[in-house]
Every structure is written in structure tokens, then in C-alpha cells.
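Each chain is listed here by its residues.
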Amino acid sequence: MILVLVKALSDVCAGTSGFLLDFSSRTSPGTDNGEALPESIPSAPGTLPHFIEEPDDAYIIKSNPIALRCKARPAMQIFFKCNGEWVHQNEHVSEESLDKSSGLKVREVFINVTRQQVEDFHGPEDYWCQCVAWSHLGTSKSRKASVRIAYLRKNFEQDPQGREVPIEGMIVLHCRPPEGVPAAEVEWLKNEEPIDSEQDENIDTRADHNLIIRQARLSDSGNYTCMAANIVAKRRSLSATVVVYVNGGWSSWTEWSACNVRCGRGWQKRSRTCTNPAPLNGGAFCEGMSVQKITCTSLCPVDGSWEVWSEWSVCSPECEHLRIRECTAPPPRNGGKFCEGLSQESENCTDGLCILDKKPLHEIKPQSIENASDIALYSGLGAAVVAVAVLVIGVTLYRRSQSDYGVDVIDSSALTGGFQTFNFKTVRQGNSLLLNSAMQPDLTVSRTYSGPICLQDPLDKELMTESSLFNPLSDIKVKVQSSFMVSLGVSERAEYHGKNHSRTFPHGNNHSFSTMHPRNKTPYIQNLSSLPTRTELRTTGVFGHLGGRLVMPNTGVSLLIPHGAIPEENSWEIYMSINQGEPSLQSDGSEVLLSPEVTCGPPDMIVTTPFALTIPHCADVSSEHWNIHLKKRTQQGKWEEVMSVEDESTSCYCLLDPFACHVLLDSFGTYALTGEPITDCAVKQLKVAVFGCMSCNSLDYNLRVYCVDNTPCAFQEVVSDERHQGGQLLEEPKLLHFKGNTFSLQISVLDIPPFLWRIKPFTACQEVPFSRVWCSNRQPLHCAFSLERYTPTTTQLSCKICIRQLKGHEQILQVQTSILENERETITFFTQEDSTFPAQTGPKAFKIPYSIRQRICATFDTPNAKGKDWQMLAQKNSINRNLSYFATQSSPSAVILNLWEARHQHDGDLDSLACALEEIGRTHMKLSNISESQLDEADFNYSRQNGL
């Protein structure tokens, strides 16, 4: 047995020595062959080396070497083998220790691997190293540990992309991190804050680096970033913007409104709003109509009316007979009023014979006869007195009619100290002052002339005998009240044949006056008939396929003919006019004319694309206080309603701005805007201005204050009339907000310099009735004030003109002027840009170049599931109503741009449109940065392409 053990030990020693010799010869020839054998052999025979620690995979970061280690027991030697070759023993660092529990020898070895070693290795697999440990019984090998150079590239293989999703939709953001060793780990950030998917069950970040939001919420909107990191570096992806939008939804319909008419055929309407929910974050606007209308018919109340009286009944024993009538012609219906008055009437049927207790005369006692005789006596005396009085009055009237005066003037100035009452009475036939002596006027049925009057001083050279006063008026009743309200009742019109007469004036002074030469006449009453009138303003232009713009200078009226509205190779002479005569549209009830009557033609012209007509108006726009209608005149001269501004319609479109209405139409004709005030808070905007000029008397100066509808064309008419009369604008016009509350307008002159100027009596303050202002129908309303200088050396005038509505708005015009023309400061009437070129044709007429216009239409005419189409383009341009009209057009975006062109014809750039496009985010066209040269070049190229 001992011999067997000795032989086995010898074999082991021999094998070990041979291995060491072999290792030494392969790794480092000429060096020491190895270590000496261990002095003791493990007590447990047959134990091979066991690795306590094996080398791990490692990464070289930048240029830093890494250390590989392994530990085994029992181990006589441990060496590293890298890529199939032994590592030189000098590169090993070895440590030896004894395991106290087992008494076995433990050996630990380290080696360093550099970046250069790894880069120099070119093999089919990664650089690897392995430990080999041996004992007296044999060898053991560790696992292979790979060594790689760590890196992380800069660019992501796929960046997350921004998305717009509807609420409760699924959001998936893809992220493929950059290539790297070791592979990068991915983390998601929202608005620079890490996302913890464990705390939010709605978010999942585990699926292949992607971010999944199962049901989008409004709070999920934000900027998302993908973060990739390994042991070398960190990388950030591009941020992806996620927008969770909400499409609009209709609210419930409101209840049907009451019928808009008290009786007869009218309409009811109900509405709904796009607020359930409201569009949010670019969500689509609700589709469909926001207002519905139906017709309604209310039974009109019929007031009762009496039938004719019946025949008198037979005389009764009480000396009375009766007659009756019934309320049946017609009877009251539907809440109408019952007939007023008595339904039965009785009277004595014996011609007064029944005078006492209803007994016949022969039955009356003598005492009663005596009493009756006394009554008859007294009645006769009373009749005589009345006859004498009538005779006296008749004589007096006869004497007055024979005098040289055709007007009796009752002077009450001594009592009132102010305003007087004038009674202009009809004179008898044959009087030379009678306007038409053959006509007897009926003063009980008279017209009302509500124009304000300026009464002048009796010392003036002009009197009420002037034809400017009597020509438009025949028989007049004038009443100047202490409240400064002037009203005139006028009978039928008649001619006046003037004579020179002396006149008695209210102040009690008698003067003789002669008729002045016509060229020196100054009207005593300044009313509208004394102003020169024109029937219409008119402008024309020839337009073809390229379209253009026709503008009425200084009126606010314009016509836009879009590109392509007229077929190719055709051209039309298009005209536009404004009626400056008496309006043909007569208001019904409370309806008010708010704009001029604008005519465009020719009426038989057919356009393929709606044209845009811009009409100014004078309403203070508010849907709560006004119901505004667009009306058109038919060929028969009648006016019919085209649409209400608030209605939904597919035939035309009205866009109401604060000072103008832009209408898209497909037929020419005569159009106007009317308004029906819904409440007393409805406001008309009036433009108030003061003009001045010298009168024929060198010491006098006339001020004329105008209150006209706030439309440029109405004021232009005033300016033209004042130029004709030599007037000068003394102060910048101002706006007066005139409410429909039935209160009148008061105009007064204040702060006249004492001892320099004085104002004529009765003209310091004038009051105009509400109806005259409210229903002025665009005619220029004005009042005149006459001022007189004390000395010719006074050349400066300063005062204030106060125009106010009682219980309403007030404006002050500050007059500071020189009455000498060479020293007077000129105030410009109009500063609009459209006064130079009334007609523009081709590309120059449009602000948006045709090439850019085509790109916008191609972009937004295409339907988009996210709602970023022409509907959003309309909303961004404040077109939020009646979108169904645009849906019927072949190119909704083109029609929207036409409307934009009409609204912004006086703007200097395209900023508003550029901002709208940038907010939508579907185009990168920077319209605001387009220079004039680029516009000119685009227009030139387009014209050249079209052979212009």
C-alpha cells in the first residue's frame, strides 16, 4: 500500500514539473521554470482547485485600464490566459493566504488590461481573459471574462416625435437610443421632470424604450424628452411636444324664443353654443348651425267696433225713446279692447214738452209756467251778450286784416324776459303776404318740420320775409318754447310772391326793410332745403380675370373682385354708386337706416366666386341691443331682407366690424343696412363737427354745428356743402354716442369771451327732438349760431360747443380760431389712403401675393382630422359664425382670404394673417417678413406667367 502511494506521488510531481516547464517555455523562454512544489499536500486527497472569485466582464472607459482578478483554493499557481495565449507571469500580481477553516492555501491573482491591448486585438470575438489554477491533483479553468471599450454615440437612432391627440386617446412616443457599449438605459422626462411609471398606472415606459400613455388627459400635454445613459455618458433626445386637444361639442338647445312680432307672421329662434365642451388646444369647432329659426303665427288682437245705431223706439209714457247699438262690427277677439262708449242712448221725444216730472205741458200748473218764462228770459239775455261779444271780435279781426301786416305778433318778452310765442295766422284772401290766397290751409292736419331754427337779432338786415324761409313753408305755426324746442306745423306747399313790407318784431321795435340782392342773402332759418344736394357719388373700373378692387374715395365703401371671379378672356366695366338724395328705403316702425344705400353693377353680371362689398355703418355694434339686417332693393323698387347679421345662411355672409360691414355676395344690386333696436341701450354713433365762416356783415361770424351719422360718406357730403358755402372746419370731429332712449339732443355755445363777442338772442342753446336725430336717414342735421364782434379789431374767437343728449353722452368741441383766412389753421378733412386710386386691377390690388395665396389654399382646403384646416383658419381670423357658408364654396380658404383682404385694405402689412398661420402651426410661411421687393417680384412673375 505504501509503495502505491509513493508511486502516485512521484507521478504527480513529475506531471507538475512537466507542466511548469512547458508553461515557462511557451510564455517566457529563458526565465525561471516556476515555483517550487508545496511542502505539504492537502489532507483531502483528490481535491482540484476551486474558484472562489472568477473574473467579471469589464469595460474600458476612455483610456483607463481595468483590473481582472480571480481567487481559488487550493491552488499552487494561477495564471491568466487571454485570447488563447498565456499572460506573462511578470504581469501578474499574486497574493497567497491560508484558509483558517479548512487549512487550504488560497491564492489570488490580478492583471491589468489596457485600451491599447483591446484595440490591437482583431479576432472573431471580443477580447477575453480566463484564469487557470492548478493543484497537485490537476487544473481548473474559470469563466471567460470579456473586455470591451465602452462608448455611447451622440445621435439617437430615433427621436420622439410631437403629437396631437384627442382627449382619452392613446399616446405612443418612440425612442431608439444611440448605439453604445454597454447598451444605454432609457429614462423619460416631462417638462424636465422624470416620469415614474410605477406611480402612474396610465403610463408605461417598459416596452422597448417607448413611452405609452393609455388614455390621454389634458394634464398630459407637455414637452417630452428621452434620456439615454450608460457608464460613459448621457444623451438627450429632441423634445417632443404633446398636445391633448378637445374637440368642441354643442350644448343643449335653448328654449324657443317668443315670436318676434306681436301679431301676424314672424319667427322664433333658439340657439346653442359650442361649449360642451368648448374647443381647446386647437380642437375642431362644432359642425352645424348654432341658431335655428322657425316661423310663427300669432293671432292679432282685434278691437271691438260699434255697429250703427238702431232706429229710435216708440215714445214711451215717460216721454222718452231709446236706441241701441252692439259691439259686433267686429266683436273684440284675441284679447282686443271692447268698444268704448254707451251701448244705449235715450232722449226726450216730445221736443221739450215734458219739462216737469215728465208730464205733458197741458198738465203743468201755472206756477210752473211762470218759472219756465223766467228761464226763457235769462236765456235770451245770455244770447244777446254772446252776440255782442262776437260782433266786437269780428270788427277787431276785420280792422287787423286791413292793416299792412299779414302777421300778428304777440309780444311777451316784457313778461318772460326771454323767449316769445309766435302765432303766424292765416290772413284773409287778397293779402299780398298770403302764399297762396286761393288756398285755405287746414291747420288741423299739418306736416311737422322738426329742423332746429336759429333766430337772429331784429337789427339784422335779413328778415323772415326772405324766400329761404317761406319758399319751403306755406302757412306756419311756430312755437319757441322756453325749453329751446322748436317745432313747426306746415300745411300743403304753395308758392310765395314776395313784396317789401315793414315788419313788427317780437322786441317791439318797428323797422322798415327792403329785399336784399340774392347774392347777399343769408338764410334766416338754416335748414336742409337751403343746402345744395347731389343725387349720387359714382366710380367705375374695368376688371378682368385677375380681379381687383374698386374704392369710393373718402366714403368707406369698397368692392373687392377676387381673382378668377370673372371668366378668362372676359372683362366688365363695373360701377359703384352711393345714393346721396332722399333714401328710397323707408323705415318700418322702429327700424333705422344705419348705412348709405350702395349700388354695384352691372346687375346682369355673373361671378364664379363671391365678391366682397364693404359698407360703413353708424351702429355701436352689440348683438344684445341691435338686430341688424342686410336689405336689397328689387327691380320693382321694393326693399326685401336678404339676411339678419346673426342668422345662418348659405347664400351670403355678413361680417360686422365696429365701423363697417363686409358682405360676401354673388349678385350685384343695391344694398343697405338697417337696424332694429332691441333695447333702449342701442346706440347710434354720430359725428359732430363745427364749421365757421364770415357773414355778409363784417362784424358777424357764423358757426354751424353738424350732427351726422358716423359714416365717411355722410361726413363727405357735409364737407362738400361747406366748401360750397366757404366754411372752414374749426375742430377735429368727435364721436357722440346717441342712445335710443327717446331723449332729445341739445346744442349750446359756452364760454364766449365777454366784451369781445356777443351771441345773437335766442341762439345760445338749441334742442333737437329725438326722432329728428334718431331717424335722420343720413341727412346732415345742423344748427347755426350767429356771433357778433364789438369791434373790427377782434380777430380771434375762442368758445366751446357742447353737444349732449339729455341723460346721455356729451361731447365738447373747443373752438380756437382766427376769423381771418390768412391766419386760420387748416384742419385736414380726410386722411384715408384710398383717396388716390379708386380702381386697382390685377395683383397690385391684393396684399397677399398669388403664389402664397395658392399655397395657403392648398394647405388648408384639405380636410384634417385634427381640425387644422380652413375652419381653424377662419377662427384665427375672428370668423366664428356661419361657417356653413364657407363649406359650400369650392375653396373655403380662398373665400376666407377674400374676406381678410376686404377687412384689411388699409393695413400696412400682413402681420395679422402671419400670426394666425403661425398659431395654427401647419405652415412655416413667414408672411410678415416678406419685403416690398419680394412682393413686387412675385407680382411680376405672376403677371409674366399670365401674359400680362
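About the thresholds
- Residues numbered from 1 in each chain as written.
- Predicted model: local features only at pLDDT ≥ 70, side-chain atom pairs only at ≥ 80, totals over all residues.
- Heavy atoms only, no water.
- Core = buried A, V, L, I, M, F, W, Y, C linked by side-chain atoms within 4.5 Å.
- Buried < 20%, exposed > 50% of the residue type's maximum accessible area, 1.4 Å probe, protein only.
- Domains from an automatic or database assignment.
- Contact = heavy atoms within 4.5 Å.
- Pairing = 2+ DSSP bridges.
- Helix = DSSP H or I, 4+ residues; strand = E, 2+ residues; numbered from the N terminus.
- Axes fitted to C-alpha atoms, helices over the stretch in contact; angles between N-to-C directions.
- Parallel < 35°, antiparallel > 145°, perpendicular 65-115°, else oblique.
- Left-handed = near helix turned anticlockwise from the far one by under 90°.
- Nonpolar A, V, L, I, M, F, W, Y, C, P; charged D, E, K, R; others polar.
- Disulfide = S-S within 2.5 Å.
- pLDDT = per-residue confidence, 0-100.
- Salt bridge = Lys/Arg side-chain N within 4 Å of Asp/Glu carboxyl O.
- Polar contact = N/O pair within 3.5 Å; in protein donor to acceptor, adjacent residues only side chain to side chain.
- Patch = residues over 30% accessible without salt bridge, like charges linked within 9 Å, V, L, I, M, F, W, Y side chains within 5 Å.
- Areas by Shrake-Rupley, 256 points an atom, 1.4 Å probe, with all protein chains shown as cover.
- 1 Å grid on protein atoms, 1.4 Å probe; cavity = no way out; pocket = protein on both sides within 12 Å on 5 of 7 lines; lining within 4 Å.
- Points joined across faces, edges and corners; volume = space filled by probe spheres on them.
- Expected span 1.5 Å × (residues − 1).
- Phe/Tyr/Trp six-rings, centres within 6.5 Å; stacked < 30°, edge-to-face > 60°.
- Lys NZ or Arg CZ within 6 Å of the ring centre and 35° of its normal.

This paragraph deals with the nonpolar core. Ranked by size, the top nonpolar core spans 68 residues in total, and within it L559, L613, L703, I801 and I803 carry the most contacts. No fewer than three residues from each of domain 4 (538-679) and domain 5 (683-818) sit in this core. Each residue touching I801, except ones within four places of it in the same chain, is listed here: V690, L703, V705, I747, S748, V749, Q811, I812, L813 and V815. F860, W870, Y885 and A902 belong to the second-largest nonpolar core, a separate cluster that totals 29 residues.

A few words now on the sheet that holds strand 36 (residues 611-616). Strand order in the open sheet formed by 6 strands is 39-40-36-32-31-52, with antiparallel pairing between adjacent strands. In this open sheet, the two strands that pair with only one neighbour each are strand 39 (653-656) and strand 52 (839-841). Neighbour to neighbour, the strand axes of the sheet diverge by 10° on average, direction disregarded. Helix 11 (residues 892-903) contacts strand 31 (548-552), strand 32 (557-561), strand 36, strand 39 and strand 40 (660-665) of the sheet and is inclined by roughly 150° relative to strand 40.

Axis separation between helix 8 (residues 850-860) and helix 11 bottoms out at 8 Å; the angle between their running directions is 130°. Of the possible angle classes, the one that applies to helix 8 and helix 11 is oblique. Crossing of helix 8 against helix 11: the hand is right-handed. Judged by residue contacts, R853, I856, C857 and F860 of helix 8 engage S893, A894, L897 and N898 from helix 11. For the contact of helix 8 with helix 11, a count of residues per class yields 5 nonpolar, 2 polar and 1 charged.

Attention shifts here to the state of the cysteines. When the sulfur atoms of two cysteines share a covalent bond, that bond is a disulfide. This model, assessed by the stated rule, comprises 7 disulfides. Covalent S-S linkage joins C70 and C131, the inter-sulfur distance amounting to 2.1 Å. Across the S-S bond linking C70 and C131, the dihedral sits near -105°, which makes this disulfide left-handed. Of this pair, C70 sits in strand 3 (residues 66-73) while C131 is found in strand 8 (residues 127-135), placing the two residues 61 residues apart along the sequence. Judged by its relative accessible area of 0%, C70 falls in the buried class. Assessed through its relative accessible area of 0%, C131 is described here as buried. One disulfide in the model links C82 with C129; its S-S distance is 2.0 Å. Because the sign of the S-S torsion sets the handedness, a value of about 105° for the bond joining C82 and C129 places this disulfide among the right-handed ones. Taken as a pair, C82 in strand 4 (residues 77-82) and C129 in strand 8 lie far apart in primary sequence, 47 residues in all. For C129, a relative accessible area of 0% translates into the label buried.

Right, let's talk about the confidence of the model for the chain for a bit. Per-residue confidence for the chain gives a mean pLDDT of 75, with 71% of residues at or over 70. Within the model, pLDDT remains below 50 along residues 942-948, and this stretch shows 7 contacts once partners closer than five positions in the same chain are excluded.

Now for the sheet that holds strand 3. Picture the strands of a sheet paired through backbone hydrogen bonds; they go either parallel or antiparallel. The antiparallel open sheet is built from 4 strands, whose spatial order is 1-3-7-6. On the outer flanks of this sheet lie strand 1 (50-53) and strand 6 (93-98), each paired with one strand and no other. Adjacent strand axes in the sheet meet at a mean angle of 25°, parallel and antiparallel pairs treated alike.

A side chain of one charge can pair with a side chain of the opposite charge when the charged atoms of the two come close. One pass over the structure, following the stated rule, counts 22 salt bridges. The residue D126 makes a salt bridge to R148 at a minimum N-O spacing of 3.6 Å. In this pair, D126 is assigned in the loop between helix 2 (115-120) and strand 8 and R148 in strand 10 (residues 145-152), connecting sequence segments 22 residues apart. Taking the relative accessible area as the measure of exposure, D126 reaches 40% and is therefore partly exposed. Taking relative accessible area as the criterion, R148 reaches 31% and is therefore assigned partly exposed. The partner of K631 in a salt bridge is E591, and the shortest N-O contact between them spans 3.0 Å. Pair noted here: K631 is in strand 37 (residues 626-633) and E591 is in the loop between strand 33 (572-579) and strand 34 (592-593), with a separation of 40 residues, a long-range link. Overall, K631 belongs to the buried group, its relative accessible area being 10%.

What follows covers the side chain of S649. Inspection of the secondary structure puts S649 in the loop between strand 38 (639-644) and strand 39. Only 2.9 Å separates the side chain of S649 from the side chain of S651, close enough to count as a polar contact. If sequence neighbours within four positions are ignored, S649 has contacts with M643, N882 and Y885.

For the rest of this paragraph, the subject is a nonpolar patch on the surface. On the surface, I167, L218 and L280 cluster together into a nonpolar patch covering about 230 Å² of accessible area. Examined against the element boundaries, L280 turns out to sit in the loop between strand 21 (264-271) and strand 22 (291-298). Residue class for L280 comes out partly exposed when judged on its relative accessible area of 38%.

Our next topic: the layout of surface pockets. Counted as a void, the largest pocket has a volume near 1000 Å³. Residue lining of the largest pocket: 42 residues in total, with K269, W626, N627, S644 and E646 positioned closest to the centre. Mapped by element, the contributors of at least two residues to the lining of the largest pocket are strand 21, strand 22, strand 37, strand 38, strand 39 and strand 41 (669-677). With 6 residues, strand 21 is the single largest residue contributor to the lining of the largest pocket. Among the residues making up the lining of the largest pocket, the classes are represented as 15 nonpolar, 14 polar and 13 charged.

Bringing helix 6 (residues 712-725) into the picture now. With 14 residues, helix 6 ought to run about 20 Å at 1.5 Å a step, and its terminal C-alpha atoms sit 20 Å apart, in line with that. Helix 6 sits mainly inside the fold: 10 of its 14 residues count as buried. For helix 6, the elements touching its buried residues are strand 30 (536-543), strand 33, strand 36, strand 42 (683-694) and strand 43 (700-709). Two residues or fewer after helix 6 comes G726, characterised by a positive phi angle close to 80°.

Burial within strand 18 (residues 222-229) is extensive, with 6 of its 8 residues counted as buried. Pairing analysis gives 6 bridges linking strand 14 (residues 185-190) to strand 18, with the strands arranged antiparallel. Bridging across to strand 18, E185 finds its partner in A229. Bridge count between strand 18 and strand 20 (residues 240-245): 3 bridges; the pairing is antiparallel. Opposite G222, over in strand 20, you have V242 as the bridge partner. Relative to strand 19 (residues 234-236), strand 18 runs antiparallel, the two sharing 3 bridges. Bridge assignment links M227 to a residue of strand 19, and that residue is R236. Taking the residues that link successive antiparallel strands as the turn, the strand 18-strand 19 hairpin has 4 residues.

A word on the packing of aromatic side chains. According to the stated counting rule, one finds 14 aromatic pairs in the structure shown. Ring geometry for W250 against F285: centres 6.5 Å apart, planes inclined by 80°, an arrangement best described as edge-to-face. Placement of the pair is W250 in the loop between strand 20 and strand 21 and F285 in the loop between strand 21 and strand 22, with a sequence separation of 35 residues. Residue W250 is classed as buried on the basis of its relative accessible area of 19%. The interplanar angle of 80° and the centroid separation of 5.5 Å between the aromatic rings of Y885 and F886 together place this pair among those described as edge-to-face. Classification of F886 by relative accessible area gives buried; the value is 0%. Lying over the aromatic face of Y575, R538 brings its terminal NZ or CZ to 4.4 Å of the ring centre. For K684, the ring lying beneath its charged end belongs to W774, and the centroid distance is 6.0 Å.

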